[in-house]
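Given next are the chains, with one letter for each unit.
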Amino acid sequence: MSPTPPMSPTQPTSTTVDLDVWEIVIGLEVHTELATATKLFSSAPNHFGGEANTNIDPLTLGLPGSLPVLNEQAVELAIRVGLALNCTVQRSTFARKNYFYPDQSKNYQISQFDLPINVDGSLELPDGKVVGIERAHLEEDTGKTTHVGGGGRIHDAQHSLVDYNRAGVPLLEIVGRPDLRSADEARAYVSELRSVLVAVGASDGKMEEGSLRVDCNVSVRRRGEEEFGTRCEIKNINSLRSLGRAVDYEAARQVDLITAGDRVEQQTRHWNEDEGRTTLLRSKEGSDDYRYFPEPDLVVLDPGSEWIERVRAELPMLPADRRHRLVEQCGAGVEQAALVVERGLDELCLAAVAAGADATRTLTHAEHNLSDGRSVELDPGSFAALVKMELDGSLSATQAKTVLAELVAHGGDPTEIAAVHGFEAMDSSELDGLIDALISNHPDEWQRFCDGDGKVTGFFVGQVMKATQGKADGKVVTGLLRDRAG
Amino acid sequence: MSERITTDDVAKVAKLARLRLRPDELTRFTEQLDAVLDHAEDLQTLDLDDLEPLAHPAELSNVLRADRVGALLDRDEVLASAPQAENGRYRVPPVLGEAP
Amino acid sequence: MTAGDAISIAASVRSGERSATDVLEEHLARIAEREPELHAFNLLTEEHARAAATAVDERVASGDDPGPLAGVPVAIKDNICTRGVATTCSSRILEGWKPPYDATVVERLAAAGAVMVGKTNLDEFAMGSSTENSAFGPTRNPVDPTRVPGGSSGGSAAAVAAGFAPVSLGSDTGGSIRQPAALCGVVGVKPTYGTVSRLGLVAFGSSLDQVGPFAATVADAALVSEVIGGHDPGDSTSIAAGFPDVSSRLGDGVAGLRVGVVTELTGEGTTPDVAARVRAAADALADAGATVEEISLPSVRYGLSAYYLVATAEASSNLARYDGVRYGLRVEAPTTGEMMELTRTEGFGDEVKRRIMLGTYALSAGYYDAFYNKALKVRRLLRNEFDAAYRSVDVLVSPTSPTTAFPLGARSDDPMTMYLSDVCTIVSNLVGHPAMSVPYGEGDNDMPVGVQLMAPALGEPTMFRVAAELERSLR
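Parameters and conventions
- Residues numbered from 1 in each chain as written.
- Chains lettered and ligands numbered in written order.
- Predicted model: local features only at pLDDT ≥ 70, side-chain atom pairs only at ≥ 80, totals over all residues.
- Helix = DSSP H or I, 4+ residues; strand = E, 2+ residues; numbered from the N terminus.
- Rg over C-alpha atoms; globule rule 2.2 N^0.38 Å.
- Buried ≥ 20, exposed ≤ 12 C-beta atoms within 10 Å, placed from the backbone.
- Contact = placed C-beta atoms within 7 Å.
- Pairing = 2+ DSSP bridges.
- Right-handed = clockwise from strand over helix to strand, strands pointing away.
- Domains from an automatic or database assignment.
- Nonpolar A, V, L, I, M, F, W, Y, C, P; charged D, E, K, R; others polar.
- Core = buried A, V, L, I, M, F, W, Y, C linked by C-beta atoms within 7 Å.
- Axes fitted to C-alpha atoms, helices over the stretch in contact; angles between N-to-C directions.
- Expected span 1.5 Å × (residues − 1).
- Parallel < 35°, antiparallel > 145°, perpendicular 65-115°, else oblique.
- Left-handed = near helix turned anticlockwise from the far one by under 90°.

Caption draft 1: Here's a closer look at the overall build of chain A. Check the secondary structure of chain A and you find 15 helices and 15 strands. For 486 residues, the compact-globule estimate of 2.2 N^0.38 gives 23 Å, and the C-alpha radius of gyration of chain A, at 29 Å, exceeds that figure by more than 25%. The buried share of chain A, taken over its 486 residues, is 46%. The long-range share in chain A, meaning contacts at least 24 apart out of those at least 6 apart in sequence, stands at 69%.

What follows is the structure in C-alpha cells.
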C-alpha cells in the first residue's frame, strides 16, 4: 500500500456548475448488506457493531484449512433484488479478488467477477426516468480497522486495531449505468433503490449505519459532447445529503480543472462531510492488479428457472408499480403519487377510496395531513367516513384536519370525535345571519368584493371563521357571499 | 537467456505478493522463473480456441447452506495465539492508505 | 510377532486379543529407535496417543466397538489440522499456531478408533517432491537414508515404510502422495477429487488437492480411503455420491479388465529399470487375465506446464493469508505493509516464494490469458483425452515416478528438474481422477519402484482391484 499522496492543490472556486454549458454524468455503485441471519460463506451471525471479534469462526478469520459454503438465503435475497430491478438472473460463478489489507482476513475477497448473478436491469425513478443497472452481484464484506492515536486519522495513527465481526457479511453490489445527470437524480436513484431493497426484504436500507454504501462516479462534459469525461470515484458518502453535496462539489472541481486548462485525472476521492469537499485517496492510473481468478473452493451457482420463478411470484408490489396504480386508480399526480407511496400510504388511500371516499380529497389528506409515521395504521373505513363527512358538509376542512389528526393519534370513530369537539354542521340560517351582519358592518369591503376584488374574500371568510370558531366551511361561506353579490 | 521474464517483472510480482527480495535473490529467482516459463512455452503451440477452460474438476453446481447460525470460536482463545491483541482486537502497526 | 497391518491390528484390538495400548507402545518403540535418523515427524503426540489408546481399550472392555480402525496408530501429514496440536505445514510462518478444530479426515479417523501418533514432515506447504523444503530439515528414506523419501508427503510415506504406523495420511496436489509412496515402497492413493473432504486441509492448490492414505497393503489403503471418504457439507467441492465401496471388491481379480499402458509416460525420461518394472507389472496383469494394450495420450506432455501455472496461481492466493496479523509468525515493522512483507519474507522458504511469484505472475494483468487461462484449457483438453481413453480401457498404467529415490541434495538447486519428478502424477490432479501407486519391486539401485494406476472419476473399485492383483503377483 503506497502512502496516500498529498491533497490536490486545486480547489474549486465555484460551487455551482453552469448547467447550460456543462453536463454532469453520474454512475452509482451501491453496496447493500443483505438481511440474512449468517454470513455469506460461513455460519457465524451476520451481526456487527457490538463487542469486537465475537461473531467469528474459522472462515471469518481466514484460518488455514477453513472453507466457504454459500448461504442459500443470501442467494434468495440476491435473486429478489435482481428481479425487482428487472435483471436477468443467470448462471454465475465466484472469483477471488486479491489484495492485501489487514481487515481482509484471507487477503482476498470472494466476489463475482465475469459472471455475476444479476445483469442488465433497470430502475424507474418517481419522475418516470429509467436508469440502467449493469449488474448486481454477491460478495463478502471486510472487517473493520480502527486507527488509534493521531486523532483517529489514518496517516497519524500510532497503530491500528482490527475487528472481524463484519468480515464475511453478505453484500450485494448494485452497479448502475452512468445514466444520472444531476445531484437530484442521484439522490432520487438511491432513495428509490433503497425503497426497493426494503420492499423486497433484502436490506434495512439504513444508509447512515452503513447498510447501504454508495460509491459515486462523477464526470463532466460539455453539452453536446458524445464522449464521457474522465471520471472520479467518490467514497465515504454516508447520507443522501452528502451524496448531493459531493456530486455538486466534485462536478464543480472538475469543471474548474477543465476551464483552467488542466485535465481531470482518474482518481478515487474521499468525501469529507465536515469540510464539504472531496480529497484525493489514490490515483487510478497504475492501479492495483487484483488478479481475479475463479474461486476454486466454490462451485457454480445456477439457480434455474424454478427457483427464479418462485421468487418472482412471491415478490411484493414494488414502489414504481404502486405509484402507477395510484395514478391509474385514483388519478394521483406524479409527485403526489411518489410522496404517498414513499410514506407507505397508498394501500390506505386505495382502501379508503374503495370504501367510498372521494379520491382527490383522500390523496390531498395523504399528501398534506398525514406526514405522521403512525398514519399507515389508520383504519381505512374511518378515513373514508371522515372524507365523506367533509364532502357532505358535516365538517369543514379545518375540522376534518383536526379529526384526522386525532384518528391518527388515538383511532376512534370520526363522528364521535367530531361530536366531542362540538363540530357540527353549521345551520345555514345561522351562517346567513352572520354574513348579512358582516356585509352591513363592512360596506367598503363588500363593495370591493362585488367589484371582483378576490383579495377581500379571505377577509370575509376569516371573519366568519372567527365568529364560528372554525366550524364554518370556507367553501360554503364563499358560495354564500357570491350568491349575495349576484 | 531467453528473457521471458525480467528482473523488473519479478520485482513487480514480489511487491504484489508482499515479498522482499535481495538483489542476488532477484537475479536467481528471475533465472529460475524464466526456466519454468520457458518450459511453459509449449502451451503456446497448442490450438485451444474451441476448448472451455476447466477451472475445476468437480463441475458441481448449487452447493448451498441453510441460513442457520453455527458454532463460533472463542475470542480470547483465538486472540491468545495472535501476534498482538488489544481490547479484543487484533493489533497491527499503523496502516498506510485505505483499502481499495 | 503378530501381523502389523491395520486390518489385522483392528481385528485383534476389537476382539480383545491385543490392547490398543500395547499396539501403540510397540510402534512408539520403533519410532524411538529410527526417528532420530529419519525425521519423519515434525511432532510426536505420544501423550495424546496414549490417552486415545486407553479410551479405545476402555470401549472394548465395556463391550463397545471402537470402529474399523480400532487401536490402529496413524501418522498425519502436518498440513492437516488437528485440534489443539500444532499444525505447521513445515513452515516458519505458522510458528506457534494450533488449530481450534480437527480436519474432517482427522475426525473420521478418530471416530473409527484410530490413534494419532504424530504430525509428519513435508515440503513447506506441500510444495516439493523430496521433503527437503522443510523449515525443520529433511526427512530421509527408510530404505536408504542417504536418499530422499520423495515429497511432499515424505514424512507420512517414511512413517509407514519404517513401520512407525501401519497407515498415514498425506495430501496430493500433483503427486505428493503417490511419488513418495513409490520412492519409499508403500501404497499411496489420491482419491477422485471431491470424494475426500478438504475441510481442515491447509490449501495449496484448491482445485487439485486431495487427502489420501499411505499403507503397507492395498487392503489397508482401501479401508482408510473408505473411512476418511464420503460427503462433507463443510466442503463445497465434496461430491454427494460418497466414497465408493472398494474393500469388498479387492479379491475380484482382473480377468476381462482392459489395461492401457500410457506410451508418453513410459518412454523418454523414464529410467530403464523403472520402465522394466512397469512392463513386468503389465505382464503380471496380462497373466492374470487382463487385456493389456499401449495407449497414447499425446497431451500428457503439456500437463506439467498447465499444472505449474494452475497450482501456483491458486497457491499465490491461498498463501496470502499468512501475513502476521492474526496467527503465526510476525516480524515487527513500523507499518502494517512492511510488517506483512517482512513476515512473509522471513516466514516462507525459497520454493514457496518461487511458486507464489510464479502464480502471481500467471494471474497478473496482461498474462492471465497467456498463462492461467491457457492452462485451464489444457486441463479441458486432458480431460477430453482421458475420457476418450477410458472408452477403450478400464485403467491406465504408468510409472509413478520416472526414477527411483535420488540422493539428498541432488535436485535441490534446480527447480525445473525437481518439477519433472511430477510428470507422471500431475495429470490425475488436473483432471480430478483417482490414481494410486503400488510398490512393484526394486530398481537397479535396490530402491523401490512404484507403478501408477489411474482410473476415471469414481473408478476406485476397479483401480483397487488391479492394485490388489499386482500385490498378489509379487507374493
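From this point, the discussion proceeds with the structure in view.
Caption draft 2: Spotlight on the overall build of chain B. Within chain B one finds three helices and three strands. Ordered by position from the N terminus, the helices and strands of chain B form the series α-α-β-α-β-β. Taken against the 2.2 N^0.38 rule, which gives 13 Å for 100 residues, the C-alpha radius of gyration of chain B at 22 Å runs more than 25% over that of a compact globule. If you line up chain B on its principal axes, its C-alpha atoms span 55 × 45 × 25 Å. Buried positions account for 35% of the 100 residues belonging to chain B.

Caption draft 3: Representation of the pairing of strand 3 (residues 115–120) of chain C within the structure. Residue and element names in this part refer to chain C. Burial of strand 3 is extensive: six of the six residues sit out of reach of the surface. Pairing of strand 1 (residues 41–44) with strand 3, which is carried by three bridges, proceeds in the antiparallel orientation. Directly across from Leu-44, in strand 3, lies its bridge partner Gly-118. In terms of strand pairing, strand 2 (residues 73–77) meets strand 3 through five bridges, oriented parallel. Note on strand 3: the bridge partner recorded for Lys-77 is Thr-120. Between the parallel pair strand 2 and strand 3, the chain is carried across by helix 4 (residues 104–111), and the sense of this crossover is right-handed.

Caption draft 4: View of the domain arrangement of chain A. For chain A, the assigned domains read domain 1 (22–311), domain 2 (320–405) and domain 3 (428–485). Of the residues that constitute the side of domain 2 of chain A that touches domain 3 of chain A, the class distribution is one nonpolar, four polar and no charged.

Caption draft 5: Layout of the interface of chain B and chain A. Taken residue by residue, the interface counts 37 residues in chain B and 50 residues in chain A. Only strand 1 (64–65), helix 3 (75–80) and strand 3 (89–92) of chain B provide two or more residues apiece to the side of chain B that touches chain A. For the side of chain B that touches chain A, the element with the highest residue contribution is strand 3 of chain B, accounting for four residues. Each residue belonging to the side of chain B that touches chain A can be placed in one class, and the counts come to 21 nonpolar, seven polar and nine charged. As paired strands, strand 2 (residues 70–71) of chain A and strand 1 of chain B are joined by two bridges and run parallel to one another. By the bridge assignment for strand 1 of chain B, Asn71(A) is matched with Arg65(B).

Caption draft 6: Up close: the nonpolar core. Counting 279 residues, the largest nonpolar core has Cys216(A), Val74(C), Val115(C), Val187(C), Met357(C), Val395(C) and Leu453(C) as the members making the most contacts within it. If you tally residues by element for this core, the top one is helix 10 (residues 303–318) of chain C, at nine residues. Discounting residues that sit within four places of it in the chain, Val187(C) has contacts with Ala181(C), Phe214(C), Ala215(C), Ala216(C), Thr217(C), Val218(C), Ala221(C), Met436(C), Ser437(C), Val438(C) and Pro439(C).

Caption draft 7: Highlighting the pairing of strand 2 of chain C. All names here are of chain C. Within strand 2, five of the five residues are buried, which leaves the element mostly enclosed by the surrounding structure. Of the two faces of strand 2, the one carrying Pro-73, Ala-75 and Lys-77 and the one carrying Val-74 and Ile-76 are both buried. Note that strand 2 and strand 4 (residues 167–172) share three bridges and pair parallel. Looking at strand 4, one finds that Val-74 is bridged to Val-167.

Caption draft 8: Region of interest: the sheet that holds strand 15 (residues 293–294) of chain A. Residues and elements named next belong to chain A. With respect to topology, three strands assemble into an open sheet ordered 5-4-15, the strand pairing being antiparallel. One side of each edge strand has no neighbouring strand; the edge strands of this open sheet are strand 5 (108–111) and strand 15. Note: strand 4 (residues 95–98) against strand 5, four bridges, orientation antiparallel. Residue Asn-98 lies in a different strand from strand 5, and its bridge partner there is Tyr-108.

Caption draft 9: Representation of the environment of Glu140(A). The residue Glu140(A) is located in strand 7 (residues 130–140) in this model. Contacts of Glu140(A), omitting those with residues within four sequence positions, involve Leu40(A), Phe41(A), Gln109(A), Ile110(A), Gly168(A), Val169(A), Pro170(A) and Leu171(A).

Caption draft 10: Up close: the sheet that holds strand 9 (residues 395–399) of chain C. Residue and element names in this part refer to chain C. Here we have eleven strands laid out as an open sheet, ordered 1-3-2-4-6-5-10-11-9-7-8, and mixed in their pairing. What marks the edges here is a single partner per strand, and that holds for strand 1 and strand 8 (291–295). Ignoring strand direction, the axes of neighbouring strands in this sheet form an average angle of 30°. Inspection of the sheet shows strand 9 paired to strand 11 (residues 448–454) by four bridges, in the antiparallel sense. Opposite Ser-398, over in strand 11, you have Gln-452 as the bridge partner.

Caption draft 11: View of helix 2 (residues 183–199) of chain A. All names here are of chain A. When the terminal C-alpha atoms of helix 2 are compared, their 24 Å separation across 17 residues agrees well with the 24 Å that a helix rising 1.5 Å per residue should span. Taking burial as the measure, the 17 residues of helix 2 include twelve buried ones, the bulk of the element. What helix 2 keeps buried is the set Ala-183, Glu-185, Ala-186, Ala-188, Tyr-189, Val-190, Glu-192, Leu-193, Arg-194, Ser-195, Val-196 and Leu-197. A positive backbone phi angle near 75° is found at Gly-201, which sits one or two residues after helix 2.

Caption draft 12: A look at the environment of Arg343(A). Residue and element names in this part refer to chain A. Checked against the element boundaries, Arg-343 lands in the loop between helix 6 (334–342) and helix 7 (346–354). Taking the C-alpha atoms as reference points, Arg-343 and Phe-41, 302 residues apart in sequence, are found 36 Å from one another. The contacts of Arg-343, once residues within four sequence positions are left out, are Leu-370 and Ser-375.

Caption draft 13: Expanded view of the interface of chain B and chain C. Taken together, the 43 residues of chain B in the interface contact 55 residues of chain C. Every element with two or more residues in the side of chain B that touches chain C is listed here: helix 1 (7–16), helix 2 (23–40), helix 3 and strand 3 of chain B. Among the elements that make up the side of chain B that touches chain C, the one with the highest residue count is helix 2 of chain B (seven residues).

Caption draft 14: Focus on the packing of helix 13 (residues 443–450) of chain A against helix 14 (residues 455–468) of chain A. All names here are of chain A. The interhelical angle for the contact between helix 13 and helix 14, taken along N-to-C directions, is 130°, at an axis separation of 9 Å. As summarised for this structure, helix 13 and helix 14 are arranged oblique, according to the angle between their axes. Note on packing geometry: the crossing formed by helix 13 with helix 14 is left-handed. For the pair helix 13 and helix 14, the contacting residues are Glu-445, Arg-448 and Phe-449 in the first and Val-456, Thr-457, Phe-459 and Phe-460 in the second. Considering only residue class, the contact of helix 13 with helix 14 consists of four nonpolar, one polar and two charged.

Caption draft 15: Broad picture of unusual backbone geometry. Here the amide bond leading from Gly151(C) into Ser152(C) is cis, since omega sits at 10°, within 30 degrees of zero. Mapped onto the secondary structure, Ser152(C) falls in the loop between strand 3 and helix 5 (154–161). Phi is positive for Arg291(A), close to 45°, though the residue is something other than glycine. Position of Arg291(A) relative to the elements: it lies in the loop between strand 14 (277–283) and strand 15. The buried category is assigned to Arg291(A), around which 27 C-beta atoms lie within 10 Å. One non-glycine residue, Glu59(B), adopts positive backbone phi at about 45°. By the element assignment, Glu59(B) lies in the loop between helix 2 and strand 1.

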